[in-house]
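The primary structure of each chain is shown beneath.
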Amino acid sequence: MTATTATPPAAAAVVVSGLRVDVAGSRINIVDGIDLRLAPGEIMGLVGESGSGKSTTALALLGYAKTGTTITAGSVHVGGTDVVAAPSHQVRRLRGRLIAYVPQDPTSSLNPSMRIGAQLLEAADHAISDDSSPSTRVAEALAEVALPTTPEFLRRFPHQLSGGQQQRVGLAMAFIGRPAVVVLDEPTTGLDVTTQAHVLETVRTLCTRHGTAAVYVSHDLAVVSELAASVAVMYLGRIVEAGA
């Protein structure tokens, strides 16, 4: 496939049209006919039972398909680029800058052998597209998620942080490049209720402050009702209902 620079309407942060993901080497689809449209700063909840295709859809928004699957149709326009059609080397550069991802389990996404400060600097070096200093942006990102910016904190390893702190580091890494879209794959699973509320408020604040659209994947309707402005319900790989 070749890259396209067809630009969706200016009001949209991301436009997904006819997205389909199949089992590799077959015509068995995992998700099909996915159409989504988010405005800057809008948070959409993507809900459904386990196995309904939520995470597969979420990952496809980054132009990524799990091993054994392939994106076979559709488009995902972000910032004038179709991340489905773009070559892989271009998509790798766009991840973190244009579209970012927050996984469910921060302990599996943070490098256990690297200090927090080094990981944040690495993310900043990749994601920043303006003249901002990486170290300055790291300090700003940590302050935005209510984490310390002290040298002592930056020298810590992931195992020296609580679950809530680890997830906040993940949020800081996702928003450090001021992306147009961020995909959050059940990021509050496993957190206690109080920590969960803090993380959700942080997500809401960051999306509003930076005009970042967010797709929040969850099976928890109570969380979605508190956070999202719109909801899309998935069942058997299709969006069966959507609305405010």
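Preceding this paragraph is the structure being described.
To keep things clear, this report deals only with the structure shown in the data block. (Residues numbered from 1 in each chain as written. Predicted model: local features only at pLDDT ≥ 70, side-chain atom pairs only at ≥ 80, totals over all residues. Heavy atoms only, no water.)

### Side note on the packing of helix H4 (residues 116-127) against helix H7 (residues 163-175)
Item 1. Where H4 contacts H7, the axes come no closer than 9 Å and their chain directions differ by 20 degrees. The angle between H4 and H7 places the two elements in the roughly parallel class. Considering how the two elements wind past one another, H4 and H7 form a crossing that is right-handed. Of H7, the residues touching H4 (which contributes Ile 116, Gln 119, Leu 120 and Ala 123) are Val 169, Ala 172 and Met 173.
Item 2. Its residues assigned to classes, the contact of H4 with H7 comprises six nonpolar, one polar and no charged. (Axes fitted to C-alpha atoms, helices over the stretch in contact; angles between N-to-C directions. Helix = DSSP H or I, 4+ residues; strand = E, 2+ residues; numbered from the N terminus. Parallel < 35°, antiparallel > 145°, perpendicular 65-115°, else oblique. Left-handed = near helix turned anticlockwise from the far one by under 90°. Contact = heavy atoms within 4.5 Å. Nonpolar A, V, L, I, M, F, W, Y, C, P; charged D, E, K, R; others polar.)

### Points about the nonpolar core
Item 1. Ranked by size, the top nonpolar core spans 38 residues in total, and within it Ile 43, Leu 171, Val 182 and Leu 184 carry the most contacts.
Item 2. Apart from the residues within four sequence positions on either side, Ile 43 is in contact with Val 203, Arg 204, Cys 207, Ala 214, Tyr 216, Leu 227, Ala 228, Ala 229 and Ser 230.
Item 3. One finds Met 44, Val 181, Ala 213 and Met 234 within the second-largest nonpolar core, a separate group that totals 30 residues. (Core = buried A, V, L, I, M, F, W, Y, C linked by side-chain atoms within 4.5 Å. Buried < 20%, exposed > 50% of the residue type's maximum accessible area, 1.4 Å probe, protein only.)

### A word on the pairing of strand E9 (residues 230-235)
Item 1. Residues of E9 alternate between two faces, with Ser 230, Ala 232 and Met 234 buried on one and Val 231, Val 233 and Tyr 235 left unburied on the opposite face.
Item 2. Note: strand E3 (residues 43-47) against E9, four bridges, orientation parallel. Residue pairing in the sheet places Leu 46 in a bridge with Ala 232 of E9.
Item 3. Connecting E9 to the antiparallel partner strand E10 (residues 238-243) that follows it, the hairpin turn spans two residues, and Leu 236 within it adopts a positive phi of roughly 50 degrees. (Pairing = 2+ DSSP bridges.)

### What to know about the packing of H7 against helix H8 (residues 193-210)
Item 1. Look at H7 against H8: their axes get within 10 Å of each other, and the N-to-C directions meet at 10 degrees. As summarised for this structure, H7 and H8 are arranged roughly parallel, according to the angle between their axes. Contacts between H7 and H8 involve Gly 164, Gln 167, Arg 168, Leu 171 and Phe 175 from the former and Thr 195, His 198, Val 199, Thr 202, Val 203, Leu 206, Cys 207 and His 210 from the latter.
Item 2. Of the residues contributing to the contact of H7 with H8, the split by class is six nonpolar, six polar and one charged.

### Description of the pattern of salt bridges
Item 1. Throughout the structure, instances matching the rule amount to nine salt bridges.
Item 2. Among the salt bridges present, the one from Arg 20 reaches Asp 32, with a minimum N-O distance of 3.8 Å. With a gap of twelve residues between them, Arg 20 in strand E1 (residues 14-23) and Asp 32 in strand E2 (residues 29-38) connect regions that are remote in the sequence.
Item 3. In this structure Arg 20 comes out as buried when scored by relative accessible area, which is 16%. (Salt bridge = Lys/Arg side-chain N within 4 Å of Asp/Glu carboxyl O.)

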